[in-house]
Amino acid sequence: MIWLTWRQFRGSAVMTAALLVVLTAVLTLTGPDLASRYATGIASCTQDDSCARFYDRFFDEYQLPFLAVSLVVLLLPALVGLFWGAPLIARELEAGTHLLVWNQSVTRGRWLAVKLGLIGLTAAAATCLCGLVVTWWSGPLDKSAFPELAVMAPLVFGARGIAPMGYAAFAFVLGVTVGMLVRRTLPAMALTLAAFAAIQLAMPLLVRPHLIPPVTSTFEISEANVSGIGIQGDTGSAHVVLGPAVPGHAGAWALSSDLLDPSGRVIAGRGEEGPVKVSTTSGPCAPAAGPPNMGACLAEVSRLGYRQRATYHPLDRFWPFQWIETGIYALLTAGLTGFCFWWIRRRLS
Amino acid sequence: MTSVLEARALGKRYGRRWALRDCTVDVPAGHVVGLVGPNGAGKTTLLKLAGGQLEPTAGDITVLGGRPGATPAQLARVGFVAQDTPVYAGLTVADHLRLGERLNPRWDADVARERVARLGLGPGQRAGRLSGGQRAQLALTLGLAKRPELLILDEPVAALDPLARREFLQGLMEAVAEHEFSVLLSSHLVSDLERICDYLIVLVDSHVRVAGETERLLATHHRLTGPRRDPGRLPADQHVVSASHTDRQSTYVVRTDAPIHDPAWTVSRLSLEDLVLAHMDGPPAESRRAALEVQR
Amino acid sequence: MEIPVIEFHLDAKSGVSPYLQLVQQVRHALRLGLLREGDRLPTVKEAVAQLAINPNTVLKAYRELEHEGLVAARPGVGTFVTKTLTDTSLAAHGPLRLELQRWLAKARRAGLDDESIEALFTTTFRTTAQEDIA
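Bear in mind that the values here come from a model prediction, so they are computed numbers and not experimental data. (Residues numbered from 1 in each chain as written. Chains lettered and ligands numbered in written order. Predicted model: local features only at pLDDT ≥ 70, side-chain atom pairs only at ≥ 80, totals over all residues. Heavy atoms only, no water.)

1. Some thoughts on the domain arrangement of chain C
A common way to state how big an interface is: give the accessible area lost once the parts meet. Under the domain assignment, chain C is made up of domain 1 (18-81) and domain 2 (88-133). Using C-alpha coordinates to define each centre, domain 1 of chain C is positioned 29 Å away from domain 2 of chain C. (Domains from an automatic or database assignment.)

2. Description of the domain arrangement of chain A
All names here are of chain A. When cut into domains, chain A gives domain 1 (2-213 + 316-346) and domain 2 (222-305). If you average the C-alpha positions of domain 1 and of domain 2, the two centres end up 41 Å apart. Each partner contributes residues to the interface: domain 1 has 8 residues there, and domain 2 has 5 residues. Summed over both partners, the interface of domain 1 with domain 2 buries about 570 Å², with 80% contributed by carbon and sulfur atoms. Connecting domain 1 to domain 2 are 0 salt bridges. (Contact = heavy atoms within 4.5 Å. Buried area = accessible area lost by both parts, 1.4 Å probe. Salt bridge = Lys/Arg side-chain N within 4 Å of Asp/Glu carboxyl O.)

3. Quick notes on the interface of chain B and chain A
Listed per partner, the contact involves 31 residues of chain B and 23 residues of chain A. Overall, the association of chain B and chain A removes approximately 2,300 Å² of surface from exposure, summing both partners, and the carbon and sulfur fraction of that is 58%. Considering only the surface of chain B that becomes buried against chain A, Q53, Y88 and L103 of chain B emerge as the three largest contributors, covering 31% of it. Here chain B is connected to chain A by 1 salt bridge. Between R7 of chain A and D95 of chain B there is a salt bridge, and its shortest N-O distance comes to 2.8 Å. At the surface where chain B touches chain A, the tally comes to 9 residue pairs in polar contact (both at pLDDT 80 or more). Counting only elements with at least two residues in the side of chain B that touches chain A, the list comes to α1 (43-51), α2 (72-77), β5 (78-81) and α3 (93-103) of chain B. Of the residues in the side of chain B that touches chain A, the class split is 16 nonpolar, 8 polar and 7 charged. (Polar contact = N/O pair within 3.5 Å; in protein donor to acceptor, adjacent residues only side chain to side chain. Helix = DSSP H or I, 4+ residues; strand = E, 2+ residues; numbered from the N terminus. Nonpolar A, V, L, I, M, F, W, Y, C, P; charged D, E, K, R; others polar.)

4. Some thoughts on the UniProt feature "transmembrane region" (unreviewed entry) in chain A
All names here are of chain A. Look at the UniProt record and you will see "transmembrane region" (unreviewed entry) annotated at residues 65-90, 111-137, 157-181, 188-207 and 326-344. Helix makes up 100% of residues 188-207 and strand 0%, whereas the separation of the span's terminal C-alpha atoms amounts to 26 Å. The span residues 326-344 is 100% helix and 0% strand, and its two end C-alpha atoms sit 26 Å from each other. (UniProt positions renumbered as here; feature names shortened; annotations may be inferred.)

5. With respect to a nonpolar patch on the surface
Residues and elements named next belong to chain C. A cluster of nonpolar side chains, L100, W103, L120, F121 and F125, forms an exposed patch at the surface whose accessible area comes to about 490 Å². Looking at the nonpolar patch, the elements with two or more residues in it are α4 (86-109) and α5 (114-133). With 3 residues, the top contributor of residues to the nonpolar patch is α5. Its place among the elements puts L120 in helix α5. (Patch = residues over 30% accessible without salt bridge, like charges linked within 9 Å, V, L, I, M, F, W, Y side chains within 5 Å. Areas by Shrake-Rupley, 256 points an atom, 1.4 Å probe, with all protein chains shown as cover.)

6. Some details on the sheet that holds strand β11 (residues 239-245) of chain B
Residue and element names in this part refer to chain B. If you walk across this open sheet you meet the 4 strands as β11-β12-β10-β13, and the pairing is antiparallel. Edge strands, defined here as strands with exactly one partner in the open sheet, are β11 and β13 (266-269). Each neighbouring strand pair of the sheet contributes to a mean axis angle of 20°, computed without reference to strand direction. Bridge count between strand β10 (residues 221-227) and β13: 4 bridges; the pairing is antiparallel. Across the sheet, T225 pairs through a bridge with T266, a residue of β13. (Pairing = 2+ DSSP bridges. Axes fitted to C-alpha atoms, helices over the stretch in contact; angles between N-to-C directions.)

7. Some points on the interface of chain C and chain B
With 15 residues of chain C at the interface, the matching set in chain B holds 15 residues. Counting the surface lost from both chain C and chain B, the interface buries some 1,300 Å², and carbon and sulfur atoms represent 52% of this. Among the residues chain C hides against chain B, the three largest losses belong to K45, A52 and N54 of chain C. Together they make up 38% of the total. Across the chain C-chain B interface, the total number found is 3 salt bridges. Note that E215 of chain B and K60 of chain C form a salt bridge whose closest N and O atoms lie 2.4 Å from each other. Counting across the interface, chain C meets chain B through 12 residue pairs in polar contact (both at pLDDT 80 or more). Contributions of two or more residues to the side of chain C that touches chain B are made by α2 (44-51) and α3 (55-67) of chain C. If you tally residues by element for the side of chain C that touches chain B, the top one is α2 of chain C, at 6 residues.

Below, the structure is given as structure tokens:
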């Protein structure tokens, strides 16, 4: 049975292995250089306190490969579900070969167990390896990325650590299940892709934020959490736009970032213009008072009682989240696997 | 004598449609059993139930004394060649033999090798490139080299041209002569089965219409032609299988164990094909029941 | 392995059951002197492979022939002819044929065409055969 599984699987396995070996080799060769350039950069920027600029420069330089490898890890589970999972049984049902193989002296339960076990473990192991290598390689970049692309951000979180392993195992079994129910390879692939994409969107948007109760606290307004400020000298109005950053919690995943007025009322959400009543004719926010000093102006806004209220998950929850999410996907995988065994024994012929 | 197939009130339902219903048969071992019936009569369903591909909805079925498909040991005792004889298009002939060898404890590698060589199949040939006849022969080889006690074949020759059909049946019968296993095969053409079957099951509209040894069936079925007569006026031991009337003449196909002495009738024998067609022709419900009772 | 002396064939349209056809073919070959004492009949496997028929049919035919004392099975070797039918019947063929020819001429004179002659012959043949059995 193991021989047959391997015989049917070896083509795509060898191809995937080749691609992963190339990727791993490239990352292993370039990784140390990346790390040492980062270390050198940090060493010199801490002396003249220009680390913010160093981060920007460093990240800008590697943004393309950074996005590319992250995308690979994000797509890998989907591809596993699409090309390994969906056709696994659908193709047999389509060609009628299930009737050939299920009439050898092997029960179909065992047949399914070997197929799922062998290919599922391969998929999980390959994705795990790929995810960890990418996590290691992009370590310096993750430290210098802007908040939208930090490791806790939904887009990047799924391409780091051990979560991709859980995604891949789940996508594979999802593909197998869909293939078994749909019984046609191409529709099964399309449906697998749609279902997996929907789940991968629902997870960070609807589920992940609530895995651990998020922290909510208020922060003073400063350059750290403001992404923009607008002052119209002629009308005397001013507004502040809050960004996703949380002061003192670098790399945190902000779920919300609201601007509160001195009475504690929310006047603007993240990215929205929040009007602030600050003097634009005199004081630090007056454009006439020489070169604009953003820091001093924001300190003035803060002094008037304006605050940021952020709901967020701090960076140190990265690994707990990784474990919890991998566990969730492992449970889903186990559930679908159980369903597959039940269905193949009871319903399928 | 042991039974290869024993079904009691067996039924299989798909959704609200019964593909097979109230099927009761007991087929003794050592026969080549033909399962005939029109398309959609439930032949494939019965064979799949016997092979353990399907679970019955109602009643029960035992094959060689065991529950079909329940254990590897049971699977090893029953061979199954599915309709259209599917093979893995991407695998070679040698791969298929290797598959059989790996997956079957009783695999007879000599039989497999010898058959493949005699058929002229190259071991390196991809199964997807084989002709329909060659593919069927490859599937049959897998079924035979497994050395089953019962080999089930679902419409094995339906898609083959006459020559390939002949060659396939020759190979099958030769193996039966050599290894003495039971065979259960279906066809919607009686002519395919006439020579090779010594036991016949006629399945119509998901019911077993008649079952028994072919010679016995041929000996107990008669065609009566004579002046018009009501079926009610036939002797009680003559069960009407089919009847047709003109103004003056009646033609009956009856089943009876007793000889027919009535001088008014011209009695003639039926060919197997006529016999099967008479049963397929859809007799009235009462006589259908009668035919079933005779068979018990 | 030696090649068997005769090959069987089957006529699906004859209405005669396959096993009887085999029996008749052996008897026929014995009468015509095609088969002689000591000749080997095709093995069951050979006959089955050639005709694509049920092995039981061949076995039954051979049992019947054995019962009639025409052949004997030697386990593991094959089935061999033990008796010939040529001596008595071949000699009778000539006069019988002559008689039949005379009868045919008479039938033609009586106005029967080929088809009627054949029908008359088969029905008479069958009824007498059935009477013999009964």
